[in-house]
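Fold and geometry: a report
Spelled out, the chains give:
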Amino acid sequence: MEQLNPENIPQHIAIIMDGNGRWAKTKGRLRVFGHETGVKSVREALEGAMHIGVKYLTLYAFSSENWNRPRFEINALMGLLVDSLKKELPTFHKNQVKLHAIGDLSQLPKRCYNKLQETMEETSHYTTCTLTLALSYGSRQELVNVTRRLAEKVKQGELSVDDINEQTIQQDLDTHFIPDPDLLIRTGGEQRISNFMLWQMAYTEMVFLDIMWPEFHREHLYESILEYQQRERRFGKISEQL
Ligand code: IPE
Ligand code: IPE
Ligand code: MG
């Protein structure tokens, strides 16, 4: 952590928390045990990020496609979400964390949805750090919804086709309240995006870690940021122009 340049801390870090099931399997345990242990890593990531002044942390917790998993696993994950929200509320208060969620929240079981809304309301006045949970989130679905809403506005005569631009799309995304991620970290060894923030990650730096999510500690966060700080973000330009 001492090696990090405090002038170049990513404003927004997104994490694909992958590898819970495989980790549990190597321990001879059920996949659900991996998810339970993964909650500790969420705390590591949040506290580690807050410690160095990261403003936005976004965690991919459940994808639209994860609804296709066995019912038992889905139920366990939803139960874990409610328990974790209950348990972490004091941490949110202590660190002034605002909780947000993106995704098709209407698909969540009622008790999850209610707990989520309640926690978001209780933390809505905080500004130190915004923690966004991606739940029942899929970026393609998000983009379909944006397209539908814009088409509806055009149909109603509220918007002209010529006025559709990157801003109008950005303002209609689930993530309209947060800047694009500067850094994406994916644990679990896979090097893919799995339908996460496709539009938003146009210029995000990506770091893929071979460790499984339950093994994640704040040192892994700092190592990933160090890697990020060694990259040159050119945004299409050449080095000499930066
Ligand atoms: C990530 O771990 C958590 C969720 C997707 C909910 P996985 O459950 O995908 O674990 P692996 O990738 O099968 O090991
Ligand atoms: C991505 O992990 C989604 C989350 C971490 C919530 P998956 O385990 O669902 O991704 P794939 O299926 O390996 O691409
Ligand atoms: Mg996985």
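Here, every reference points to the structure presented above.
So, here is what we can say about the structure in this document. (Residues numbered from 1 in each chain as written. Chains lettered and ligands numbered in written order. Predicted model: local features only at pLDDT ≥ 70, side-chain atom pairs only at ≥ 80, totals over all residues. Heavy atoms only, no water.)

Topic: the packing of helix α3 (residues 71–95) against helix α4 (residues 110–123)
Here α3 crosses α4 at 10°, and the two axes come no closer than 9 Å. In terms of orientation, α3 lies roughly parallel with respect to α4. As for how α3 packs across α4, the hand of that crossing is left-handed. Only Arg 111, Cys 112, Lys 115, Leu 116, Thr 119, Glu 122 and Thr 123 of α4 make contact with α3, whose side of the interface consists of Met 78, Gly 79, Leu 81, Val 82, Leu 85, Lys 86, Leu 89, Phe 92 and His 93. Tallied by class, the residues present in the contact of α3 with α4 amount to eight nonpolar, four polar and four charged. (Axes fitted to C-alpha atoms, helices over the stretch in contact; angles between N-to-C directions. Helix = DSSP H or I, 4+ residues; strand = E, 2+ residues; numbered from the N terminus. Parallel < 35°, antiparallel > 145°, perpendicular 65-115°, else oblique. Left-handed = near helix turned anticlockwise from the far one by under 90°. Contact = heavy atoms within 4.5 Å. Nonpolar A, V, L, I, M, F, W, Y, C, P; charged D, E, K, R; others polar.)

Examining the layout of surface pockets
Using a probe with the size of a water molecule, rolled over the atoms, empty space left in the structure can be pinpointed. Estimates place the volume of the largest pocket at around 830 Å³. As for the largest pocket, its lining consists of 37 residues, of which Met 17, Asn 20, Tyr 60, Ala 61 and Phe 62 are closest to the centre. Those elements giving two or more residues to the lining of the largest pocket turn out to be α1 (20–26), α2 (31–51), β2 (56–63), α3 and β4 (129–137). When residues in the lining of the largest pocket are grouped by element, the largest group, eight residues, is from α3. Taken together, the residues that form the lining of the largest pocket break down as 19 nonpolar, nine polar and nine charged. There is about 200 Å³ of room inside the second largest pocket. Along the wall of the second largest pocket there are 13 residues; nearest its centre are Gly 103, Asp 104, Ser 136, Gln 141 and Asn 145. Every element with two or more residues in the lining of the second largest pocket is listed here: β4 and α5 (139–155). Broken down by element, the lining of the second largest pocket gets its largest block of residues, four residues, from α5. A breakdown of the residues in the lining of the second largest pocket according to their chemical character gives two nonpolar, seven polar and four charged. (1 Å grid on protein atoms, 1.4 Å probe; cavity = no way out; pocket = protein on both sides within 12 Å on 5 of 7 lines; lining within 4 Å. Points joined across faces, edges and corners; volume = space filled by probe spheres on them.)

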